[in-house]
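# Structure assessment
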Amino acid sequence: MAHPLRIPAFRLLFLGRTVSALGEAVVPAALALAVLRATGSTGALAVVLAAAMIPRLLLLPLGGVVADRFDARRVAMAADLVRCATQLAVGVELLGSDPSLTMVVVASALGGTASAFAIPTASPLVAGTVEPADRQRANALMGMTANTSRLAGPALAGALIWAAGPGWAFILDSASFALSALLLARLRVRHVPVPRRSVLADLRHGFGEVRARDWFWTSLLGHGVWNGAAAVLMTLGPAVAIDRLGGETTWVLLLQAGAIGMLVGSLLAGRVRLHRPVLLANLGLACYAAPLFLLAVAAPAPAVIVAYAVALTALGYLNPVWETVVQHHFPPEVLARVTSYDWLVSLGAMPLGYALAPLAADAFGAPVPLAVAGLLVLASCAGTALVPGVRRLTWPATPQPQPVAPVASR
């Protein structure tokens, strides 16, 4: 097996996605700092963030259809150009003496829309540039750059705003999306044509591919519960850490340990190939119940931090392995749609966790929703071991797509 970075096409893809991921990681933190500095209102910030999240969730399935039907490279490039324009527009607006919140909200919504079309392109782009034998290592590299970007994004956003001001910070961030689009313009990716159908038929066909594989849709349910539980931990964890585990330092250490764990998991994914990848990766995800339970009982801070680091290491390992398994077992012409349904479940569960956690904490106290979230993670992720398809799925020697009957066009 050749190292993926020795493949010219993947090298371009890796550089482009690294730059784009860093730009995207800067956006939420930069928006938060800029909007609060300009308006001083947390309500205004909530409106801006919701304006990005709502179209992203609503349009993800359509983004999958478009990325499958057309060249994923061109879709990703167009999405980067739209995000470049929205960041530039926000930057110019913030340079003025009286920035318009309406304009920032509209730009945020357009950026969220572009993200809905960009997210499903990730898997087809890797599958179109890397041969099957090299994909796990390639996906591990992509996971490492995504995790590093999430870790560095908030700090970079703060540094840009501190050094250049909010307006110039967004203008500089727009350049990252422009550079990513330029790199993608030089890339050549294998594309499998999709039969001409209506958009609704394409959506049904993609959903049919998902429904035909019990290992996939049951794992999606577990991954959705995991993300909802992560939102509960992110909502209630800081207060527990500050009030009962030693203060803000404990929470910062926990987050840093989780970020390191994600990177370690990505490194392991590039080197360790498990015989039953989905089964063992889902069992690893069940480890997230441990920090939830430990926070619920206010266990000693070192135990909570170590448990969280182990749980995030499992997540860092799962993400590249999951991408590789999906690329092996689904036909290439449906990868973007499958990916869009995957992200829809995962991203859609997080707002539910954010909304329910404080309500449950007010009614029953923080330990109850933390413990319930832990039980749900344990049941949904470890419970996939009961599914025959999860237990039987192994690495194939060659890709073995299992297409379902196509949906007739109307």
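One structure accompanies this document, and this report is about it.

Reading the values: rules and limits
Residues numbered from 1 in each chain as written. Predicted model: local features only at pLDDT ≥ 70, side-chain atom pairs only at ≥ 80, totals over all residues. Heavy atoms only, no water. Helix = DSSP H or I, 4+ residues; strand = E, 2+ residues; numbered from the N terminus. Rg over C-alpha atoms; globule rule 2.2 N^0.38 Å. Buried < 20%, exposed > 50% of the residue type's maximum accessible area, 1.4 Å probe, protein only. Axes fitted to C-alpha atoms, helices over the stretch in contact; angles between N-to-C directions. Parallel < 35°, antiparallel > 145°, perpendicular 65-115°, else oblique. Left-handed = near helix turned anticlockwise from the far one by under 90°. Contact = heavy atoms within 4.5 Å.

## A word on the overall build of the chain
- When helices and strands are counted, the chain shows 16 helices and zero strands.
- The globule rule puts the C-alpha radius of gyration for 410 residues at 22 Å, and the 21 Å found for the chain is close to it.
- By its C-alpha atoms, the chain is 55 × 50 × 45 Å across when sized along the principal axes.
- Split into buried and exposed, the 410 residues of the chain put 53% on the buried side.

## Some thoughts on the side chain of Ser346
- Checked against the element boundaries, Ser346 lands in helix α14 (residues 335–364).
- Residue classification places Ser346 among the buried positions, given a relative accessible area of 10%.

## Some thoughts on the packing of helix α6 (residues 135–164) against helix α10 (residues 248–269)
- Two elements in contact, α6 and α10, have axes separated by 8 Å at closest approach and are oriented at 165°. Taken together, the axis directions place α6 and α10 in an arrangement best described as roughly antiparallel. For the element pair α6 and α10, the recorded crossing hand is left-handed. Contacts between α6 and α10 pair Gln136, Ala140, Gly143, Met144, Asn147, Thr148, Arg150 and Leu151 from the former with Gln256, Ala259, Met262, Leu263, Ser266, Leu267 and Ala269 from the latter.

## Observations regarding unusual backbone geometry
- Even without being glycine, Ala298 reaches a positive phi, approximately 55°.
- Here Ala298 shows up in the loop between α12 (289–296) and α13 (301–329).

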